[in-house]
Amino acid sequence: MARKIPSTFLFVVTSLVFFATLYHLQLRDSISAVSSTVDDDDLRPSSPLLSVATDPPPPPPSPSPPPPLPQITITISSKTNNLALEENISISSPPHISPVITPSTNNIISSVSILMPAWEVFVIVSPDFTPLISSQEDPYVCVFETGEVSPAIPAGELRFPGRTLFKCEFPRRARRRLPFKQPMLMKSSQKKNNVTPFKQPELLRWTFLVYDSLTTDDDVVLFVKGLNNRQGINREPNEFNCIFGRGNNVIRTNVTSSMQEVFRCKRPDPNVLSFEERITVSLEIVRAVPVVVPSVAYYTLPRKLESNEKTERARLCACTMVYNVGKFLKEWVLYHSRIGVEKFVLYDNASDDDLPKVVDELVQEGYDVKTYYWLWPKTQEAGFSHSAIYAKDSCSWMMYIDVDEFVYSRLWSNLSRPSKSLLHSLLPNPKNVQDKKQVAEISIPCYEFGPSNKKSHPIMGVTQGYNCRRKMENRHKSIVFLDAVDHSLLNVIHHFILKQGYKGKKMSVHDMVVNHYKFQAWPEFKAKFRRRVSAYVIDWTQELNPHSNDRTPGLGFSPVEPKGWPQKFCEVYDNGLKDLTWRWFVVKSPTPSRYRMAWQR
C-alpha cells in the first residue's frame, strides 16, 4: 500500500516550486532590462549588423535567433555622378537611412518610435499626418507587439519638418521579447476594434541614431548618438559619408568634421537635390559592408534664430538648456538683462511645467527670449554646438551659463543700480573684434552654493535664499565670440575650441565669478540631478562613473535625501550677491513693512 504524503509536505514543496519559478522570471526580466536598457554611457548599437562599427559586448539573451544581415548593393544613379545606395533590407533587419515608419491604416497612425532611457518610448508622427489632440474620453495609446497598451502622452512638436511627438512607457511584459518592435499609435476607442496585425519594424535605439540636423549656408551639420561615444576619442571624418535619401537612392557627400556628437558634411549639388521634397539625411559608416545609421533627421532649408533684420546683431546673448525651470527663469532673465544680456536663447529639454507661460510673460514685458524645442536627453554639448550656428547671425557674443548660475563681481557691491556696461566692459572693442589677436573667449570661475539650511524653494528666489558655499572654486563658464568658434563646434560644457589664432582670457575670482546655486533644497536638487545633461555621465542611480565631477560627494546612487543635507557644502557664508540683488530688485508692497523681489509673481 502506497504511503500517504502529508499535506503539509506537499504545501511546502509546492510553495518552493512557485517561488523558484517566480524568482526565475524576475531574474530573466532583470537580465533583459539590464542588457537592453539604453543610457548615454552605453552608446553601442543594438543589432549584429551594427556591431561591425563599434565592437559591442556579446548580445543580450534572446528567445529568437538574431536577424540576418541586410544585403546592400552599390550602384550609380542615372541622374548624377554621385554614388548611390540601393537598399534591399528584409523585414527583420535593423532600420536604415529613412525612419522605418509604421504604415497608416484606418486605425493606426503613421509614426516612427525610439526607445529612450528609463524605458520611455518617443513616438514621432509622420510629417504627412497631423493628429488632433484627443479628448480625455478618447486619448491616444501605444499598442505593443505583445498586446500591452500604455497611454500616449502628447509631448510637443518637432520642427523642420513639423511632427507631433508622443511619449509612452514601454510595458514591463513587452521587455521580455527581443528584438523590440515599434508600437502602433492609435486612438483608445479604435483599439477596441479588430486591428489587423502586421509585422512591426524594429524599435530604433537612442544609443545609435541621427537625431537632428541643421543646414548652414555652406554645409550640413548632423547630430548623432553612438559613434564618438567617449570623451576625447573621435573617429576620423573619412570613416563616414553623409547620405541624403530620395526613394531607394541616396546622394553621398564627404564628411569634413567628426567631433563628439557633431558631424559636418558638404551640401549636395542644389541642381541635383532641392529642398522641395522631404528628404532624410544620415551617416554611412564606410566598411566593406556599409552601415547606415538610423535617422529621424531631415535635410531642410538653412534656418537661423529669429531676429529683426533692421537691427544689428546683439552684442551679448545668453544660451542655456532648460527643463522645468519656470519658477526660476524670471529671476535669471531679469538679473542678467540688467547687467548686459540682450537676448536669451533657451533650449527646452522637453519641459512639462509652465515654462511657455513664463516665457510669454517675459516677452510681453519686453524681454527678448526665444525657445528652441530640443527634447533629446543628455545632449547639452550638442545643443550648444547647434546654438553656435543657429544664433550666429543674431548674436556676436554668447554667454553659456545655466538658469541656476548668476554672474557677479564684488566690484559691483557699491553700485546703487545695475548697468548693461557691467558685462559689455569685458568684451573687446567691436571695431577690433575680427582681429584674431583679440580675446574671443572669457572664462569665469564658479563658486558652488549649498542648500544653506533650506528645505524648500525660497520664495524670494535663489539669490536671496542660498548664501553658504564651498570655499574653493570649481569649473568655469564662458562668454564666446561666435565668429571665432572652430569649424568642429567642439565644446566641453560651456567652453568652445577656438579657430587658430584667437585666444582666451581667464577671469580672477577677485574680479568676477559665477554663483552656481547647484546644491539646492533637496526637492529641487533631486528633480534636477536625475536629469544631469552631460553626455558622458549616466543616471545617478546607476553605480558607474563614481568619481565624475558631476557626481555629488557623499550622495551615493540612491535618490534618498542624505542625512544632514540642508547643512551640506556650507564652508563660507557669502552674502555678496544676496545684498546686491536686494538693493537692485527689492519692491515695497502696499502693506507696510512688506517686501518682495521684482521677479516674484
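Below is a short write-up of the structure. Every chain begins its residue count from 1, and numbering advances along the sequence as written. Given that the model is predicted, a residue must reach a pLDDT of at least 70 before its local features are reported, and side-chain atom pairs must reach 80 or more before they are shown or counted; all residues, however, enter totals for whole chains, interfaces and linings. Side-chain metrics rest on all non-hydrogen atoms present in the structure, leaving aside hydrogens and water.

## A few points about the overall build of the protein chain
Then, number 1: Counting its regular elements, the protein chain contains ten helices and 32 strands.
Then, number 2: Only protein chains enter the accessibility calculation, which uses a 1.4 Å probe; a residue is then buried when its area is under 20% of its type maximum, exposed when over 50%, and partly exposed in between. Relative to its 601 residues, the protein chain shows a buried fraction of 52%.
Then, number 3: Of the roughly 28700 Å² of accessible surface on the protein chain, 52% is carried by carbon and sulfur atoms. Counting from the N terminus, the helices are DSSP H or I runs at least four residues long and the strands are E runs at least two residues long. Calculation of accessible area relied on Shrake-Rupley with a 1.4 Å probe; when residues are assessed, cover is drawn exclusively from the protein chains displayed.

## Section: the sheet that holds strand β10 (residues 184–187)
Then, number 1: Read from one edge of the open sheet, four strands run β3-β10-β6-β7, paired in antiparallel fashion. At either end of the open sheet lies a strand with only one pairing partner, and these are β3 (108–109) and β7 (149–151).
Then, number 2: Strands are labelled as partners when DSSP assigns at least two bridges between them. Of the pairings in the sheet, the one linking strand β6 (residues 140–143) to β7 comprises three bridges and is antiparallel in character. Paired with Val-143 across the strands is Val-149, a residue of β7.

## Notes on helix α5 (residues 355–364)
Then, number 1: Of the residues making up α5, those classed as buried are Leu-355, Val-358, Val-359 and Leu-362. Burial along α5 is one-sided: seen end-on, the buried residues are contained in an arc of 100 degrees. Turned more than 90 degrees away from the buried face of α5, the exposed residues are Pro-356, Lys-357 and Gln-364.
Then, number 2: For α5, the secondary structure elements touched by its buried residues are β20 (314–322), α4 (326–338), β21 (343–348) and β22 (369–373).
Then, number 3: Where α5 ends, the next residue or the one after it, Gly-366, has phi of about 100 degrees, a positive value. Read the arc as the range of directions from the helix axis to the C-beta atoms. Any pair of residues with heavy atoms lying within 4.5 Å of one another is described as a contacting pair.

## Considerations on α4
Then, number 1: Across the 13 residues of α4, eleven count as buried, placing the element largely inside the fold.
Then, number 2: Within the sequence span of α4, burial applies to Gly-326, Phe-328, Leu-329, Lys-330, Glu-331, Trp-332, Val-333, Leu-334, Tyr-335, His-336 and Ser-337.
Then, number 3: A positive phi of about 135 degrees marks Gly-340, the residue just after α4.

## Some points on the pairing of β22
Then, number 1: Relative to β22, β21 runs parallel, the two sharing five bridges. Across the sheet, residue Asp-348 finds its bridge partner in β22, namely Tyr-373.
Then, number 2: Read from β21 through α5 to β22, the crossover connection turns out right-handed. Here is how to tell: hold the view so the strands point away, follow the path from the first strand over the helix to the second, and if it runs clockwise the crossover is right-handed.

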